[in-house]
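Architecture at a glance
Each chain is listed here by its residues.
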Amino acid sequence: MQGLFPPRSRVTGVRCLAATIDQRDLPLFAVGDAPARSAAAAGFTRIENAQGESEALGRLVASRLSPADGSLLHIRGQNIAGDLAGQLETQGFTVTSAILYRAEPATELSSAARSRLETEKCDAILFF
């Protein structure tokens, strides 16, 4: 897994998955808009958007799939909020989790971010 953690880059589960497999017609369940857009941009064709958080994603998956349909692969980062796999396992699903990326703290702003802060008015600053 070490090779799947590019240093100092914006890494998401969808991008890691897209770099790992060629198949794009598998059902892909996204927790929200950003991963759903990333999946579409990466060429995935069967995208469901939970538009929420981990529990909403679990409810969506359980409403669309049956444990009899086969096992699920949970692509995730090293640190997660909620217990999606546990939620689905209590409903009879077999879930394998794959940690494909991790968030690393930034030690400084990029030069582009510094420049924008110095030259443009910001109405809000978002941190994730």
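Residues numbered from 1 in each chain as written. Predicted model: local features only at pLDDT ≥ 70, side-chain atom pairs only at ≥ 80, totals over all residues. Heavy atoms only, no water.

A word on the pairing of strand β4 (residues 95-101)
Consecutive side chains of a regular strand alternate in pointing toward one face of the sheet and then the other. Where strand β3 (residues 72-77) lies against β4, six bridges are found, and the strand directions are parallel. For Leu73, the partnering residue across the bridge sits in β4 and is Thr96. Taken together, β3, helix α4 (residues 84-89) and β4 form a β-α-β motif whose crossover is right-handed. (Pairing = 2+ DSSP bridges. Helix = DSSP H or I, 4+ residues; strand = E, 2+ residues; numbered from the N terminus. Right-handed = clockwise from strand over helix to strand, strands pointing away.)

So, the side chain of Ser54
Mapping Ser54 onto the fold places it in helix α3 (residues 54-64). Note on Ser54: relative accessible area 15%, which makes it buried. Beyond its immediate stretch of four places on either side in the chain, Ser54 contacts Val31, Ala81, Gly82, Asp83, Leu84 and Gln87. (Buried < 20%, exposed > 50% of the residue type's maximum accessible area, 1.4 Å probe, protein only. Contact = heavy atoms within 4.5 Å.)

Remarks on the confidence of the model for the protein chain
Averaged over the protein chain, the pLDDT score is 83; the fraction of residues at 70 or greater is 89%. Confidence drops under a pLDDT of 50 for residues 1-9, and excluding neighbours within four residues, the segment shows twelve contacts in the predicted structure. (pLDDT = per-residue confidence, 0-100.)

So, the environment of Leu100
On the secondary structure map, Leu100 appears in strand β4. Relative accessible area serves as the criterion here: at 6%, Leu100 is assigned to the buried category. Taking C-alpha positions, Leu100 is 5.9 Å from Gly77, a pair spaced 23 residues apart along the chain.

Digging into unusual backbone geometry
Even without being glycine, Gln51 reaches a positive phi, approximately 50°. For Gln51, the location among the structural elements is in the loop between β2 (46-49) and α3.

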